[in-house]
Amino acid sequence: MDDRDCRWDRLALPFAEQFSLWAMRLWVDGRRGQPVEHALEGAFRRLHRPQALRRLELLMLSLAHGAIRPIRLWPACSRPVSDDEARLLDLLRYSQAGEQFVPALLCRSFLRPNAAAVTARLARDLAEDLAQAGLRLPLQTPEDRHA
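Residues numbered from 1 in each chain as written. Predicted model: local features only at pLDDT ≥ 70, side-chain atom pairs only at ≥ 80, totals over all residues. Heavy atoms only, no water.

Undergrad: Sorry, what's going on with the overall build of the protein here?
TA: Looking only at helices and strands, the protein has seven helices and two strands in total. Start at the N end of the protein and walk to the C end: the helices and strands fall as β-α-α-α-β-α-α-α-α. Relative to the compact-globule value of 15 Å for 147 residues, the protein shows a C-alpha radius of gyration of 14 Å, a close match. With respect to the principal axes defined by its C-alpha atoms, the protein has extents near 35 × 30 × 30 Å. A total of 147 residues make up the protein; the buried ones form 47% of that total. (Helix = DSSP H or I, 4+ residues; strand = E, 2+ residues; numbered from the N terminus. Rg over C-alpha atoms; globule rule 2.2 N^0.38 Å. Buried < 20%, exposed > 50% of the residue type's maximum accessible area, 1.4 Å probe, protein only.)

Undergrad: Hey, could you run me through unusual backbone geometry in this one?
TA: The bulk of non-glycine residues show a negative phi, and the bulk of peptide bonds are trans. Of note in this structure, His48 is not a glycine but carries a positive phi near 60 degrees. Here His48 shows up in the loop between helix H2 (37–46) and helix H3 (50–66). Given the relative accessible area of 65%, His48 is considered exposed.

Undergrad: Where do I start with the layout of surface pockets in this structure?
TA: To find leftover empty space, a probe the size of one water molecule is rolled over the atoms. Put simply, the largest pocket is a space of about 210 Å³. Those elements giving two or more residues to the lining of the largest pocket turn out to be helix H1 (15–31) and H3. Of the residues in the lining of the largest pocket, the class split is eight nonpolar, no polar and two charged. When its volume is computed, the second largest pocket comes out at roughly 150 Å³. Taken together, Trp27, Gly30, Arg31, Gln34, Pro35, Val36, Glu37, Leu40, Glu41, Leu53 and Glu57 make up the full set of residues lining the second largest pocket. Elements that contribute at least two residues to the lining of the second largest pocket include exactly H1, H2 and H3. The residue makeup of the lining of the second largest pocket, split by class, is five nonpolar, two polar and four charged. (1 Å grid on protein atoms, 1.4 Å probe; cavity = no way out; pocket = protein on both sides within 12 Å on 5 of 7 lines; lining within 4 Å. Points joined across faces, edges and corners; volume = space filled by probe spheres on them. Nonpolar A, V, L, I, M, F, W, Y, C, P; charged D, E, K, R; others polar.)

Undergrad: It is not clear to me how helix H6 (residues 113–132) should be interpreted in this structure. Could you clarify?
TA: Every α-helix carries 3.6 residues per turn, so stepping three or four residues along brings you back to the same face. Taking 1.5 Å per residue, 20 residues should reach 28 Å; H6 reaches 29 Å between its end C-alpha atoms and fits that length. Restricting attention to buried positions, one finds in H6 the residues Ala115, Ala116, Thr119, Ala120, Leu122, Ala123, Leu126, Ala127, Asp129, Leu130 and Ala131. Looking at the buried positions of H6, the neighbouring elements they touch are H1, H2, H3, helix H4 (83–96) and helix H5 (101–108). Downstream of H6 by one or two residues, Gly134 has phi in the positive range, about 90 degrees. (Expected span 1.5 Å × (residues − 1). Contact = heavy atoms within 4.5 Å.)

Undergrad: Just to check I follow, could you spell out the pattern of salt bridges for this structure?
TA: Two side chains with opposite charge may pair up if their charged atoms get near one another. Tallying each qualifying case throughout the model produces 13 salt bridges. The residue Arg49 makes a salt bridge to Asp129 at a minimum N-O spacing of 2.8 Å. With Arg49 in the loop between H2 and H3 and Asp129 in helix H6, this residue pair connects regions lying 80 residues apart in the sequence. Of the two residues, Arg49 and Asp129, neither departs from the other in class, the shared state being buried. The shortest N-O distance in the salt bridge between Asp84 and Arg72 comes to 3.9 Å. Here Arg72 lies in the loop between H3 and strand E2 (80–82) and Asp84 lies in helix H4, a separation of twelve residues in the sequence. On the basis of relative accessible area, Asp84 is assigned to the buried category, the value being 0%. Connected through shared salt-bridge partners, Arg49, Arg55, Arg124, Asp125 and Asp129 make up one network. (Salt bridge = Lys/Arg side-chain N within 4 Å of Asp/Glu carboxyl O.)

Undergrad: What is the right way to look at empty space enclosed by the protein in this model?
TA: Applying the stated criterion across every chain, the model contains one cavity of 30 Å³ or more. The calculated volume of the largest cavity comes to roughly 40 Å³. Lining the largest cavity are Phe19, Ser20, Ala23, Met24, Phe44, Leu56, Leu92, Leu126 and Leu130. Listed by contribution, the elements that provide at least two residues to the lining of the largest cavity are H1 and H6. Here the lining of the largest cavity gets four residues from one element, more than from any other, and that element is H1. Counted by class, the lining of the largest cavity contains eight nonpolar, one polar and no charged residues.

Rendered as structure tokens:
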């Protein structure tokens, strides 16, 4: 892990952002061979949105297969938030807000063009599920909150 590109502390984020980041990181941990399925399934079941786990999986697969460079996602227990993780949280924030242009632009910053459109749509679906579970990601970023 390289702390040089980290702006935020995970523990300073609101719960909805911590949960979203944790879920994305845990999914990556699972791809690295750690047994995480039970934890992810249980978390989304407790949100009463078990289908959101499938949406997370599709989003993460799209990111993994469409990336033009490695996307920096730290292990689930890490406190620093990488710039890439901050962008992914922004992607969910703007998707929840109903924005069309910004999510597509964010996706193009680390995805091939054909993957960017699909990934933006998948992010919108996940963000909608999170909102329906009561997990709102406000457009205000942690940097804005501390200004």
